[in-house]
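Geometric and topological summary
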Amino acid sequence: MELVTRAGWGARPSRYDLVYIASTLGVKIHYEGAYVPKSLADPGAHGSCAGHMRDIQASHLANRVEDYSDIAYNAAVCPHGAVFEGRGLHRKTGANGSQTLNTDDYAVLAMLGSSGLVIPTDPMLDGLVDAIGWLRTGGSAGKRVLGHRDGKATACPGDPLYAWVQAGARRPDGTAPQGGTSTPVPSAGGIARYQVTINGLTYGFGAKGPHVAEVGKALVKAGFGRHYQVGPDETWTDADTRNFSDFQLSLGFKGTAPHQDADGVPGPVSLQRLLGHLPGKTVKASVVPPFPGRSAFALGRSNPAVTVLDHGLVRKGYAHHHAGAKYQPGPLFTEYTRKNVADFQRATPALAGDPDGYPGPLTWQLLLS
Ligand SMILES: [Zn+2]
Ligand SMILES: [Zn+2]
């Protein structure tokens, strides 16, 4: 199956945390309704499908009536058969019509319309079966496959696709979807194997990076390293999960089954307790060089601080005044420099009272931060 991850199609972040769901009874199939251009199914048009996905997400994020957290579907399938990750595995859909319906089944969208492109392509049917299999294997989806109209008064997913659902949701070669659970089963023999992102860094089975090694070393140091045969190193293994679970239990967290508090996958609280800080990709506040003193800025005089000042002006877009083609950073404080600084001061409420164009400490600070 060809899976296009959220990063792969350029998804925007969710508006709210998506609700975790352990398992479902099955999967419901949807179409877009409305008009989908037939040209989307052209063999050479697959390059447009990611953009089509972004458009659907944007329309859902803009829908303040439904107040969607994200694109409503767990996955979407394009006419070329690629599976686009929507809300993804173990996330409650927003597409099935009510809280109960959304808890009962995942939702998969076929990029099919009520006009224009109305007949599913063979690759799309293969992709839908791929998506169902993905949700069964990775998301503990149950065996049933239904249409949106089962349980809700709607034309969705359209007659041609609904006929396919009723005929068993088979691949064009006749193969029925495989897998599917009747009762939820814990993954990997009871060891949690999902990942979480905290402060821009990923933790949990398969996560990689120096931050993973940092957690491992801290676990060993705190006396929670008994499951390591080797390592710890920069790849998160089941041993990391088991050790982290021991640590969580020591904090009084309960429950070691996947998605319970002591399942060995970090949360911000346990991570902070272990490390004493929360690692993250947050950009450090840029360091503003010390104010060089007012004497550095005199008309017609050069000072290295003027070059620093000029770069700030250019970066913030206050380079309107210049002698020739373009305002160039340099050590000479000119009348152009002064006028550009004055523009910045006028545009900045804290400085607008005295827009003389000569930098003081506050102008320096605000321009360069
Ligand atoms: Zn629908
Ligand atoms: Zn496509």
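Residues numbered from 1 in each chain as written. Chains lettered and ligands numbered in written order. Predicted model: local features only at pLDDT ≥ 70, side-chain atom pairs only at ≥ 80, totals over all residues. Heavy atoms only, no water.

A short note on the coordination of the zinc ion (ligand 2)
Geometry reference: four tetrahedral donors at a metal, ideal angle 109.5 degrees. Six octahedral donors, ideal angles 90 or 180 degrees. In the first shell of the zinc ion (ligand 2), the protein supplies His46 (ND1), Cys49 (SG), Cys78 (SG) and His80 (ND1), at 2.0 to 2.3 Å from the metal. Classification of the site at the zinc ion (ligand 2) as tetrahedral follows from its four donor atoms and the range of 101 to 116 degrees in their angles at the metal. Each donor residue of the zinc ion (ligand 2) lies on the same chain, and together they follow the pattern H-x2-C-x28-C-x1-H. (Donors = N, O, S within 2.8 Å, 3.2 Å for Na, K, Ca; no water. Tetrahedral: all angles 85-135°; square planar, octahedral: opposite > 155°, others 65-115°.)

Overview of unusual backbone geometry
Residue Cys156 is joined to Pro157 through a cis peptide bond whose omega torsion reads 10 degrees. Considering the arrangement of structural elements, one finds Pro157 in the loop between strand 8 (141–147) and helix 5 (159–166). Located in the positive-phi region is Ala34, a residue other than glycine, with phi close to 50 degrees. Here Ala34 is to be found in the loop between strand 2 (24–31) and strand 3 (35–36). In this structure Ala34 comes out as exposed when scored by relative accessible area, which is 54%. (Helix = DSSP H or I, 4+ residues; strand = E, 2+ residues; numbered from the N terminus. Buried < 20%, exposed > 50% of the residue type's maximum accessible area, 1.4 Å probe, protein only.)

Looking at the environment of Phe84
In this fold, Phe84 is placed in strand 5 (residues 83–85). The class for Phe84 is buried, based on a relative accessible area of 2%. Separated by 76 residues in the primary sequence, Phe84 and Gly8 have C-alpha atoms spaced 8.6 Å apart. Phe84 has contacts with Val4, Trp9, His46, Cys49, Ala50, Met53, Asn74, Ala75, Ala76, Cys78 and Met111, leaving out every residue within four places of it along the chain. (Contact = heavy atoms within 4.5 Å.)

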